[in-house]
Amino acid sequence: MQEYGERTGVSIPGVLSLDITLNIYVHFPNFGNKPSPFRFVYITDSVIINRMEGVKDEYIIHLFYQERREQEAFRLLMNKYKERLYWHVRKILISHEDTDDILQNVFVKIWQGLKEFRYESKLYTWMYRIATNEALNFLNEKRRKVYGNSDEISDFLENTLESDPYFSGDDIQKELQRAILTLSDRQRVIFNMKYFDDMPYEEIAQVLDVAVGTLKATYHNAVKKIEASLKIVDTLN
């Protein structure tokens, strides 16, 4: 594995600005394993990150409703979830630059929507829904404006993956990622959340507003398509 560093920032005008550096080790797992395709070990801010895992969402929301403590609460929320949301969006968009831009929009919408949050779903599934919608909308807009609604954006994502210095992996691992990119955007999101993030179908259903039965069928079809793609590559080799 190799060590890489990326800098990303979130700035909400008139509210707060947060600039972080992620120093990470990145590699792809083999197909058949269960870890995230973006396994990373934090070198900086590790104490803060570990401490934030113990902060309850209920406490953050309670703090947010207290007078003049909204920014403090939002900083806690960002410190707890910024990496998870970053990598969730990154697995959809592939590009660090695009992910950084979309993450700005995601946190602005989270800030704007927190006052209306009523625990009709878990906080993190609500935020995942915002992040997923922003990422998919970005891809749809790029597909429409740049590629005329064609499937060429899949080639763009694959080329981005190939040229991205923050990704590493052997040939088998890269073929897995290429196979995943042959899926539709929705299939790819479902596959990533279920297979790599190991999210329960019920939580994925809350994020995507899709019936559990539909999710299971979509995931099953995605797995079969990936397996078929990997068999074709194996035959060609």
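Preceding this paragraph is the structure being described.
Residues numbered from 1 in each chain as written. Predicted model: local features only at pLDDT ≥ 70, side-chain atom pairs only at ≥ 80, totals over all residues. Heavy atoms only, no water.

**Brief notes about the overall build of the protein chain**
Next up, step 1: Secondary structure assignment for the protein chain yields 10 helices and 2 strands.
Next up, step 2: Listing the helices and strands of the protein chain from first to last along the sequence gives β-β-α-α-α-α-α-α-α-α-α-α.
Next up, step 3: For the protein chain, with 237 residues in total, the buried portion stands at 49%.
Next up, step 4: Put simply, of all contacts in the protein chain between residues at least 6 apart along the chain, 64% involve residues at least 24 apart.
Next up, step 5: If you sum the accessible surface of the protein chain, you get close to 12000 Å²; carbon and sulfur atoms cover 49% of it. (Helix = DSSP H or I, 4+ residues; strand = E, 2+ residues; numbered from the N terminus. Buried < 20%, exposed > 50% of the residue type's maximum accessible area, 1.4 Å probe, protein only. Contact = heavy atoms within 4.5 Å. Areas by Shrake-Rupley, 256 points an atom, 1.4 Å probe, with all protein chains shown as cover.)

**Here we look at the packing of helix 3 (residues 70–93) against helix 4 (residues 96–113)**
Next up, step 1: One way to put it is that helix 3 packs onto helix 4 with a least axis distance of 9 Å and a crossing angle of 140°. Considering the angle they form, helix 3 stands oblique to helix 4. Crossing of helix 3 over helix 4 shows right-handed handedness. Here Glu 70, Gln 71, Phe 74, Leu 77, Met 78, Lys 82, Leu 85, Tyr 86, Val 89, Arg 90 and Leu 93 of helix 3 lie close against helix 4, whose contacting residues are His 96, Asp 98, Thr 99, Ile 102, Leu 103, Phe 107, Ile 110 and Trp 111.
Next up, step 2: Of the residues assigned to the contact of helix 3 with helix 4, the class counts are 12 nonpolar, 3 polar and 4 charged. (Axes fitted to C-alpha atoms, helices over the stretch in contact; angles between N-to-C directions. Parallel < 35°, antiparallel > 145°, perpendicular 65-115°, else oblique. Left-handed = near helix turned anticlockwise from the far one by under 90°. Nonpolar A, V, L, I, M, F, W, Y, C, P; charged D, E, K, R; others polar.)

**Focus on the environment of Gln 71**
Next up, step 1: Looking at the element boundaries, Gln 71 is found in helix 3.
Next up, step 2: Look at Gln 71 and you get partly exposed, because its relative accessible area is 35%.

**Points about the packing of aromatic side chains**
Next up, step 1: Within the structure shown, the criterion is met by 13 aromatic pairs.
Next up, step 2: Ring geometry for Tyr 86 against Trp 87: centres 4.9 Å apart, planes inclined by 90°, an arrangement best described as edge-to-face. For the pair formed by Tyr 86 and Trp 87, the shared burial category is buried.
Next up, step 3: Judged by centre distance (6.4 Å) and plane angle (75°), the rings of Tyr 201 and Tyr 219 are edge-to-face. In this pair, Tyr 201 sits in helix 9 (residues 201–208) while Tyr 219 sits in helix 10 (residues 212–236), placing the two residues 18 residues apart along the sequence.
Next up, step 4: A relative accessible area of 15% places Tyr 201 in the buried class.
Next up, step 5: A connected cluster of aromatic rings, assembled from ring pairs, spans Phe 64, Tyr 65, Phe 74, Phe 107 and Trp 111.
Next up, step 6: Stacked on the ring of Tyr 201, the Lys or Arg Lys 194 has its end atom at 4.4 Å from the ring centre. (Phe/Tyr/Trp six-rings, centres within 6.5 Å; stacked < 30°, edge-to-face > 60°. Lys NZ or Arg CZ within 6 Å of the ring centre and 35° of its normal.)

**Observations regarding helix 9**
Next up, step 1: Buried residues dominate helix 9, accounting for 6 of its 8 residues.
Next up, step 2: Residues of helix 9 that are buried: Tyr 201, Glu 203, Ile 204, Ala 205, Val 207 and Leu 208.
Next up, step 3: The first or second residue beyond helix 9 is Asp 209, which carries a positive phi of 55°.

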